[in-house]
Amino acid sequence: MRVSASSKKELPFKPERKHIIGHDGIGPIVLALAIGTVGGFVFNWLRMPLAWMLGSCLFTTIAAFAGLRVGMRVRLRQGMIIILGVLLGSGFNPDLVQRLGQWAVSLGVVSLMTVTAATACYFWLRRTTDWNRQTCYFAAMPGGLNDMTILGGAMGGEERCIALAQALRILTVVMTIPIWYRLVNGAQTSVLTIIHGPSGNDWKDYAVLIGCGVVGATAGRLLRLPAAFMMGPMIISAAAHLGGLSDSKPPGELVAAAQVVVGAGIGCRFVGAVFDKLHKEIAASIGAALIMIAIAVLFAKLTVALTGLNLDATVLSYAPGGFAEMSLIGLALGVEIAMVATHHLFRLFLILMTSPLIFRMWLRREREGPEAPS
């Protein structure tokens, strides 16, 4: 089926399709990975936190905007996310789990922060774009990109505009927070430092790690968990490490490769985006992301004042990035992975469970309003 020229003009941004991000074919994937690897090397040379993912993300995004034929297979990205989920699970230990009770107040604040940030960004997008209410509502939600795009489209929103706003939110957060920590706090952590040099794993360690990935991904998919390919392996890996089955981690080189793939996947989402046609929407979406970051920092400082939690861990727990990206940034900066992951999973569940219901209630009230007696 051919897409009309008018349709292309109205919707120049291509969101993620079912199995492909960006262009299809082996060539675009190889090109994206090559560009992403170069970016990873450059950022690693600059001693940036999470260098391989950030460098890959930035360089591939530039390539996508420049019109290069870059692409990524969703299944390849999912496979690498499984590896990262196993890595994150290895960061759980009994001391961190015992602190779950200390996060009750913080999780309550996350609920208030999410409502505040989504409301502020909704009104911002309504003022700065010509998108309809449905599009602005789901573009303003700090939830999963695919989930918000699908839900928004089902509710009458423009899927490509929602995908653009959500992708730019993740890109802005991923490129802002680690660079801030590098320039202001001097943070500089390589993936090999995270893994503490050569892994020294034997075949039993590899068997446990592979089992965590396979079982976790399968369970996450069957249970329809949000971010299933990371959350499932992370939970199983955490259980294995807490239970003493293993204290090993995936090899650093494999983790670096996984970060390159994940970063390239983010960049390839911008294939088809033409800046001179979308500059207003791009500026509005980046502005919304910055509003969310500012609100997250304010609420994080409030929470720290109330609870005495670590500020860096709280900021990363509240930051409106993707679950995978923020968890990896937390790992790179050496903060409590259990806290960061728990807060982001809570936020995802909160948004997925409540955002469609709230939107339907809002529409119902508007429809019933004119019929109500004056």
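Up top is the structure.
Not measured: the values here are computed from a predicted model. (Residues numbered from 1 in each chain as written. Predicted model: local features only at pLDDT ≥ 70, side-chain atom pairs only at ≥ 80, totals over all residues. Heavy atoms only, no water.)

Student: Just checking my understanding: could you explain the side chain of Gln166 for this structure?
Tutor: As for its position among the elements, Gln166 is in helix 9 (residues 159–184). Owing to a relative accessible area of 0%, Gln166 belongs among the buried residues under this scheme. Polar side-chain contacts of Gln166 include one of 2.8 Å to the backbone oxygen of Phe138. Gln166 has contacts with Phe138, Ala139, Met141, Gly143, Leu145 and Met148, leaving out every residue within four places of it along the chain. (Helix = DSSP H or I, 4+ residues; strand = E, 2+ residues; numbered from the N terminus. Buried < 20%, exposed > 50% of the residue type's maximum accessible area, 1.4 Å probe, protein only. Polar contact = N/O pair within 3.5 Å; in protein donor to acceptor, adjacent residues only side chain to side chain. Contact = heavy atoms within 4.5 Å.)

Student: How do you make sense of a nonpolar patch on the surface when you look at a structure like this?
Tutor: Among the surface-exposed residues, Tyr206, Ile210, Val214 and Val215 lie close enough to one another that they form a single nonpolar patch of about 370 Å² accessible area. Counting through the fold element by element, Ile210 comes out in helix 11 (residues 203–222). Among the residues examined, Ile210 registers a relative accessible area of 56% and is labelled exposed. (Patch = residues over 30% accessible without salt bridge, like charges linked within 9 Å, V, L, I, M, F, W, Y side chains within 5 Å. Areas by Shrake-Rupley, 256 points an atom, 1.4 Å probe, with all protein chains shown as cover. Salt bridge = Lys/Arg side-chain N within 4 Å of Asp/Glu carboxyl O.)

Student: Help me understand the environment of Leu125, please; the structure alone is not making it clear to me.
Tutor: Residue position: Leu125 is located in helix 6 (residues 104–128). Judged by relative accessible area, Leu125 falls into the buried class, the value being 1%. Along the backbone, Leu125 and Tyr137 are 12 residues apart, and their C-alpha atoms lie at a distance of 8.6 Å.

Student: Explain the pattern of salt bridges to me, please; I cannot follow it from the model alone.
Tutor: Side-chain pairs of opposite charge can arise where the charged atoms are in close proximity. Across all of its chains, the model carries 1 salt bridge by this definition. Two residues, Asp24 and Arg73, come together in a salt bridge whose shortest N-O distance is 2.9 Å. On the criterion of sequence distance, the pair formed by Asp24 in the loop between strand 1 (20–22) and helix 2 (26–45) and Arg73 in strand 2 (residues 71–73) is long-range, its members being 49 residues apart. A residue is classified by how much of its surface remains accessible, and Asp24, at 38% relative accessible area, is partly exposed. The partly exposed category is assigned to Arg73, whose relative accessible area is 34%.

Spatial relationships are all this shows, so hold off on functional conclusions.
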